[in-house]
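# Close look at the chain arrangement
If you want the building blocks of each chain, they are given just below.
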Amino acid sequence: MQEACAICQKEESEEVKKISTSETENEKNHPQISNKEEEEKQAPEESTEHGELLEKEDEKELFTLLDSYFQQQETLITLDLSKKRIGDKGVNELSKHTTWINLTVLNLSENDISSEGAIAISKNTSWTKLTTLDLNWNQIDVEGVSALNRNTTWTNLTILDLSDNTIGDEGASEISKNITWINLLTLKLKKNSFSDEGASTLSKNTTWTLLTTLDLSGNSIGDEGASTLSKNTTWANLTTLDLEDNRIGDEGVSELSKNTSWTKLTSLNLNKNSFGNEGASALSKNTTWTDLSTLSLVYNSISSEGARELSKNTTWAKLTTLDLRSNDLGADGVSELIKNATWSNLTTLDLSVNSIGDEGASALSKNTTWTKLTTLNLSENSLGAEGVSVLSKNIIWTNLTTLDLEHNYLGDEGASELSKNTTWTHLTTLNLQENAIGNEGAAAISNNPTWTNLTDLNLRDNNISAKGASALSKNTTWTNLATLNLKNNCLKDEGVSELSKNTTWTKLTTLNLQENSIGAEGANELSKNTSWTKLSSLDLQFNFIRAEGAIALSKNITWINITDLNVKNNSIGEEGENVVKARWPLASIIC
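The residue numbering used here restarts from 1 in each chain and proceeds along that chain's sequence as written. With pLDDT at 70 or above as the cut-off, local features in this predicted model cover only qualifying residues; side-chain atom pairs require 80 or more to be listed or tallied, and sums for whole chains, interfaces and linings still use all residues. Neither water nor hydrogens contribute to the side-chain values; these are computed over all heavy atoms in the structure.

When glycine is set aside, most residues are seen to have a negative phi, and most peptide bonds are trans. With phi around 50°, Lys191 is a residue other than glycine that occupies positive phi space. Looking at the secondary structure, you find Lys191 in the loop between β5 (186–188) and α8 (196–203). One non-glycine residue, Ala436, lies in positive phi territory at about 55°. A run of H or I in DSSP counts as a helix once it spans at least four residues, and a run of E counts as a strand once it spans at least two, with each numbered from the N terminus. Following the sequence through the fold, Ala436 ends up in the loop between β14 (429–431) and α17 (439–446). The classification of residues rests on relative accessible area computed with a 1.4 Å probe and restricted to protein chains. Under 20% of the type maximum is buried, over 50% is exposed, and intermediate values are partly exposed. Residue classification places Ala436 among the partly exposed residues on the basis of a relative accessible area of 46%.

Now the structure itself:
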């Protein structure tokens with residue numbers, strides 16, 4: 001396997017220049033750095049503001065990075081150092097800076113900062129206008145959080161992100177004691193290893209009266225924690241609550257549903273917890289969340305009984321998104337769900353991985369309430385030709401833009417039935433990946449005259465060969481097609497040759513032809529295409545084009561907008577690599 005060719009090279013950082021000191025006002029706020037020996041001679045008891053950074057040769061690059069920000073002084077408003085790995089030493093230097101009096105946004109995510117760095121930040125008293133502090137994905141524990149909590153300067157703080165740290169229950173308790181952040185709107189504590197105890201202490205906070213978004217996902221909150229959270233009466237402005245990937249069971253969800261304070265709640269995420277029908281039933285009976293627009297219940301244990309209870313809800317008239325992926329609804333569950341007459345504003349429905357089968361699809365197609373539906377996901381549901389046939393006849397979903405039928409059993413017959421649809425005139429995205437569709441099915445789909453707005457078509461992992469490719473290439477309807485995925489079919493040279501003859505898809509930007517047994521001849525035919533002038537991404541990996549095919553591709557004069565080319569695992573060799581790099585010198589090329 002050949003290594004990826006790196007096209008974009010990193011610029012080397014310039015060597016730090018030694019600058020003699022002067023008496024200017026700027027240098028009083030930002031002293032220049034001399035070597036350590038000279039500093040000791042001139043001022044043995046003093047240290048420059050950033051002098052420590054040159055103690056080691058490998059810290060020069062860090063200084064170079066930070067120095068440009070130091071020089072901005074009071075003009076600096078936003079400082080984004082995410083993923084720079086500046087560590088505690090870098091943060092320590094930042095915290096000492098006193099001239100950034102107008103700093104409002106500080107992003108230090110993914111920087112290997114421990115509690116030592118957090119403590120240093122907390123001591124800064126100059127950033128009085130700070131509104132956003134992002135410390136996501138570091139190594140801050142209870143000691144660091146405790147220090148942050150003691151800061152009394154950031155009275156204007158509205159967003160605090162401490163996700164992916166290790167604060168634990170004790171750290172959550174420390175944060176809850178905060179009385180300074182009276183303007184806090186968003187608090188993110190995702191993946192911080194706290195449990196019921198931490199959730200309980202957080203719920204007792206009485207300072208964050210303006211809080212609108214609370215992310216507690218990826219922790220170990222159970223029924224007890226959910227119960228205490230539900231009793232909070234301070235967060236009357238809460239609009240978004242994320243409890244995904246915790247350990248909340250039926251009892252905990254039932255307690256949450258009793259909440260009467262969060263009257264402005266619009267989004268509730270309970271994905272990946274441990275509740276079933278009882279919890280679903282309790283949720284449906286909530287009468288407080290009248291503004292709820294997004295409800296995510298993915299990967300729980302809701303069956304037809306729970307679906308029946310959910311369908312009885314009459315409160316969520318503003319619901320636009322319902323995500324029930326990976327539950328146990330079955331055909332009966334779908335039959336119950338469609339009885340709901342309240343969710344008339346529903347735009348997005350995800351029922352993937354629910355074993356609904358043809359019977360469930362048939363029941364779904366009879367829905368007459370969801371007239372605003374734009375996105376429907378039915379992937380991995382054992383649908384066959386019969387189920388798709390009735391779906392395609394639905395005349396209510398006239399606003400449908402996205403249909404996902406990935407990993408079902410449509411076959412040629414199902415694809416043919418789907419192609420007969422005349423209602424979905426706004427369809428832009430159609431996913432038919434892994435459906436055993438062959439040439440006949442591909443031909444039928446290409447002949448659909450209704451989907452004139454289609455921009456994204458996924459036919460990967462099917463059985464389409466040259467004949468099917470020829471039928472697709474003759475399509476004249478998809479004038480807006482931008483993305484076509486034919487990965488892992490059976491196109492071979494003849495199929496690619498046919499495909500390249502298409503003259504309709506003038507807006508095509510992305511073409512995936514991975515794993516199609518394409519050789520040099522196919523690459524040569526593909527290179528003759530003159531219609532896809534906007535093509536920016538071409539994926540040909542795991543074929544057999546070799547150097548000859550790479551050379552042929554490089555002769556194409558139409559694809560002037562190529563930014564990504566993948567010819568990995570094609571045995572193009574050094575010769576082939578050189579020609580494609582020379583042809584598209586600014587592109588990201590993987591070979």
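Let's pick the thread back up.
Time to look at the packing of helix α7 (residues 168–176) against α8. Each packed pair of helices is defined by two parameters, the angle between the axes and the distance between the axes. Orientation is described by lines fitted to C-alpha atoms, with helices fitted over the stretch in contact, and by angles between N-to-C directions that extend from 0 to 180 degrees. Closest axis-to-axis distance for the α7/α8 pair is 8 Å, and the angle between their directions is 0°. Comparing their axes, α8 and α7 come out roughly parallel. Contacts from Asp169, Ala172, Ser173, Ile175 and Ser176 of α7 reach α8 at Glu197, Gly198, Thr201 and Leu202. Its residues placed into classes, the contact of α7 with α8 shows 3 nonpolar, 4 polar and 2 charged. In what follows, roughly perpendicular refers to angles from 65 to 115 degrees, roughly parallel to angles under 35, roughly antiparallel to angles over 145, and oblique to any angle outside these ranges. Contacts are assigned to residue pairs with any non-hydrogen atoms lying within 4.5 Å of each other. Side-chain classes are defined by residue name, with Ala, Val, Leu, Ile, Met, Phe, Trp, Tyr, Cys and Pro counting as nonpolar, Asp, Glu, Lys and Arg as charged, and the others, Gly among them, as polar.

A few words on helix α11 (residues 277–284). Summarising burial for α11: 7 of the 8 residues are buried, a large majority. Where α11 is concerned, the buried positions are Asn277, Gly279, Ala280, Ser281, Ala282, Leu283 and Ser284. Those residues of α11 that are buried are in contact with α10 (250–257), β8 (267–269) and α12 (304–311).

Moving on, we get to the nonpolar core. Ranked by internal contacts, the top residues of the largest apolar core, which has 141 residues, are Leu108 and Leu364. Considering every element that reaches this core, the biggest residue donor is helix α3 (residues 60–70), with 4 residues. Setting aside residues no more than four positions away along its own chain, Leu108 makes contact with Leu81, Ile86, Val91, Leu94, Ile113, Ile121, Asp134, Leu135 and Asn138. By convention a nonpolar core is built from buried Ala, Val, Leu, Ile, Met, Phe, Trp, Tyr and Cys residues, the set being connected through side-chain atoms within 4.5 Å.

Before going further, it helps to examine the pattern of salt bridges. Salt bridges are counted wherever a side-chain nitrogen of Lys or Arg sits within 4 Å of a carboxyl oxygen of Asp or Glu. All told, the structure shown has 14 salt bridges when counted by the stated rule. Here Glu93 ties to Lys96 by a salt bridge, and the two come within 3.7 Å at their closest N and O atoms. The class of Lys96 is partly exposed, set by a relative accessible area of 34%. With its nearest N and O atoms 3.1 Å apart, the salt bridge here joins Glu417 to Lys420. Lys420 gets classed as exposed once you look at its relative accessible area, which sits at 54%. Through salt bridges with shared partners, one network takes in Asp323, Arg325 and Asp350.

The next thing to look at is the confidence of the model for the protein. Residues shown with low pLDDT carry predicted positions that ought not to be read at fine detail. Mean pLDDT for the protein: 91, with 90% of residues reaching 70 or above. Scored from 0 to 100, pLDDT reflects the predictor's confidence in each residue. In this model, residues 1–54 is a region of pLDDT below 50 whose contacts with residues beyond four sequence positions or in other chains number 78 contacts.

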